[in-house]
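The residues making up each chain are set out below.
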Amino acid sequence: MKCLIIYYSLTNSTALIAENVAEGIRTSGSDAVICNIKDEAPPELDSFDMLGIGTPVYGFNVPINVLECIEGLSNKRNIPSFAFLTYGTYAWNAGELLKKAMITSGFKPNGWFFSHGADYFLGYLKKGCFASPNHPTEEEKEAARRFGHDMVTAGTGWPESIQPPPVIYRIEQIFLGRRPIRLYFQKKFKLNKDKCIRCGICMKGCPSKNISLNPEGFPVWGRNCIMCLSCELHCPKEAIVSPISWPVMNLIMKYNVSHILKDPDIEKLKVTLHNGKIETYK
Ligand SMILES: Cc1cc2nc3c(=O)[nH]c(=O)nc-3n(C[C@H](O)[C@H](O)[C@H](O)COP(=O)(O)O)c2cc1C
Ligand code: SF4
Ligand code: SF4
């Protein structure tokens, strides 16, 4: 059995899970190749007989680049497949959405795995909340290895049904979906030219190569944004304003963070953000 694991990881949590799933597959005597779509295009599926898809949860959804990658795979055919997701706070039914995307593309997934991952979502960091900072843990990595092993030997099955998210999160999920991002939000990035020092950090860190520099050296946003907000987070001069900084978003983030702070099952650290750097409270 030769398994291809295609995943997207920006801040390394999903990458760690992918590596451990692959290790588990190898302990069963099978082969596994892993590919982060942030860095390289996935290889042709022809020479593989199993497919794994790994993704972080973004806005209670599957990130747009992962959906587009699944749709764009060439030589799609009904080989055994599985999925794994990492999330900082609440994944809600993002796993179901991934499963649906895989089935729509002709795959028949027969197992999934979830792990927490360190949550660098700008909306929460701005509110001083760094969720799941020490994840994935050693236990989660070990569980990922077991999952990989089980997927090639037995398969784990999907839960029959996942409860839909509560209404407020459902509304956020719709707002942060593919169409609103592509048709509206991605056009709303604003640059404060008085602050920008034309360092190009935003461009270099963009996982979807959506930022270019104009002849004067200022960043320009394209139409391929996945709303990871990495550009705004890491700008050393805080020169970028995206929709996450709109007053209405401020209220929503405040609501979400108030829930996270009350939830004993979510580990969190108090942080401040300053000039693109996250500082932890002593
Ligand atoms: C833009 C963005 C949106 C996110 N949205 C969610 C979310 O809706 N629910 C959640 O539990 N975690 C969310 N997260 C946290 C990530 O899913 C989590 O940290 C994941 O492990 C990151 O994976 P990576 O390190 O492989 O990039 C979000 C993170 C980012 C950057
Ligand atoms: S990271 Fe900030 S300062 Fe640097 S080019 Fe981008 S917007 Fe300008
Ligand atoms: S939010 Fe910024 S860094 Fe992320 S994909 Fe969009 S343009 Fe690129």
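Residues numbered from 1 in each chain as written. Chains lettered and ligands numbered in written order. Predicted model: local features only at pLDDT ≥ 70, side-chain atom pairs only at ≥ 80, totals over all residues. Heavy atoms only, no water.

Undergrad: Let's hear about the site of ligand 3: which residues, and what values?
TA: For ligand 3, the set of nearby residues contains 13 residues, the closest of which are Cys 206, Cys 225, Cys 228, Leu 229 and Cys 231. Across the shell around ligand 3, the residue classes tally to 11 nonpolar, 2 polar and no charged. (Near = heavy atom within 4 Å. Nonpolar A, V, L, I, M, F, W, Y, C, P; charged D, E, K, R; others polar.)

Undergrad: Got a sec to walk through the side chain of Ser 242? Specific residues and values, please.
TA: On the secondary structure map, Ser 242 appears in the loop between strand S10 (240-241) and helix H10 (247-262). Filtering out sequence-adjacent residues up to four positions away, Ser 242 remains in contact with Lys 188, Phe 189, Leu 229 and Glu 232. (Helix = DSSP H or I, 4+ residues; strand = E, 2+ residues; numbered from the N terminus. Contact = heavy atoms within 4.5 Å.)

Undergrad: If you had to explain the packing of helix H6 (residues 167-175) against H10 to someone new, which residues and values would you point to?
TA: Between H6 and H10, the least distance of the axes is 12 Å, while the angle of their chain directions is 130°. Taken together, the axes of H6 and H10 are oblique relative to one another. Both H6 and H10 take part in a crossing whose hand is left-handed. Contacts between H6 and H10 involve Ile 168, Tyr 169 and Glu 172 from the former and Ile 252, Tyr 255, Asn 256 and His 259 from the latter. In terms of residue class, the contact of H6 with H10 is made up of 4 nonpolar, 2 polar and 1 charged. (Axes fitted to C-alpha atoms, helices over the stretch in contact; angles between N-to-C directions. Parallel < 35°, antiparallel > 145°, perpendicular 65-115°, else oblique. Left-handed = near helix turned anticlockwise from the far one by under 90°.)

Undergrad: Before we move on, could you go through the sheet that holds strand S5 (residues 108-116) and cite the residues and values that matter?
TA: Strand order across the open sheet formed by 5 strands is S2-S1-S3-S4-S5, with parallel pairing between neighbours. Every interior strand has two partners, whereas the edge strands, strand S2 (31-36) and S5, have only one. Taking each pair of neighbouring strands and ignoring which way they run, the sheet shows an average axis angle of 20°. Across 6 bridges, strand S3 (residues 50-56) lies against strand S4 (residues 80-87) in parallel orientation. If you follow Gly 54 over to S4, its bridge partner there is Phe 84. Here helix H5 (residues 138-153) sits on the sheet and contacts S3, S4 and S5; the angle it forms with S5, its principal contact strand, is near 175°. (Pairing = 2+ DSSP bridges.)

Undergrad: Quick rundown of the UniProt feature "domain: Flavodoxin-like" (unreviewed entry) in the chain? Include the residues and the values.
TA: UniProt tags residues 3-152 as "domain: Flavodoxin-like" (unreviewed entry). Annotation note: span residues 3-152, helix share 36%, strand share 25%, distance between end C-alpha atoms 9 Å. (UniProt positions renumbered as here; feature names shortened; annotations may be inferred.)

Undergrad: Before we move on, could you go through the domain arrangement of the chain and cite the residues and values that matter?
TA: One can read the domain layout of the chain as domain 1 (2-121 + 133-153) and domain 2 (167-280). One C-alpha centre belongs to domain 1, the other to domain 2, and the line joining them spans 24 Å. Facing 23 residues of domain 1, the contacting portion of domain 2 comprises 29 residues. For the domain 1 and domain 2 pair, buried surface summed over both sides reaches about 2100 Å², with 63% attributable to carbon and sulfur atoms. Note that Glu 68 is salt-bridged to Arg 182, the shortest N-O span being 2.7 Å. Where domain 1 meets domain 2, there are 9 residue pairs in polar contact (both at pLDDT 80 or more). Of the residues forming the side of domain 1 that touches domain 2, the biggest block, 5 residues, is contributed by helix H2 (residues 64-72). Here the residues of the side of domain 1 that touches domain 2 sort into 12 nonpolar, 8 polar and 3 charged. (Domains from an automatic or database assignment. Buried area = accessible area lost by both parts, 1.4 Å probe. Salt bridge = Lys/Arg side-chain N within 4 Å of Asp/Glu carboxyl O. Polar contact = N/O pair within 3.5 Å; in protein donor to acceptor, adjacent residues only side chain to side chain.)

Undergrad: Describe in detail the state of the cysteines, supporting the description with residues and values.
TA: Scanning the entire structure with this criterion turns up 0 disulfides. In this structure Cys 35 is not part of a disulfide, and its nearest cysteine sulfur, from Cys 69, lies 7.3 Å away. (Disulfide = S-S within 2.5 Å.)

Undergrad: I'd love a proper account of the environment of Lys 108, names of residues and values included.
TA: One can find Lys 108 in strand S5. Note on Lys 108: relative accessible area 58%, which makes it exposed. Distance from Lys 108 to Ala 143, taken between C-alpha atoms, is 22 Å for residues 35 residues apart in sequence. Residues within four places of Lys 108 in sequence aside, it is in contact with Asn 78, Ile 79 and Ser 81. (Buried < 20%, exposed > 50% of the residue type's maximum accessible area, 1.4 Å probe, protein only.)

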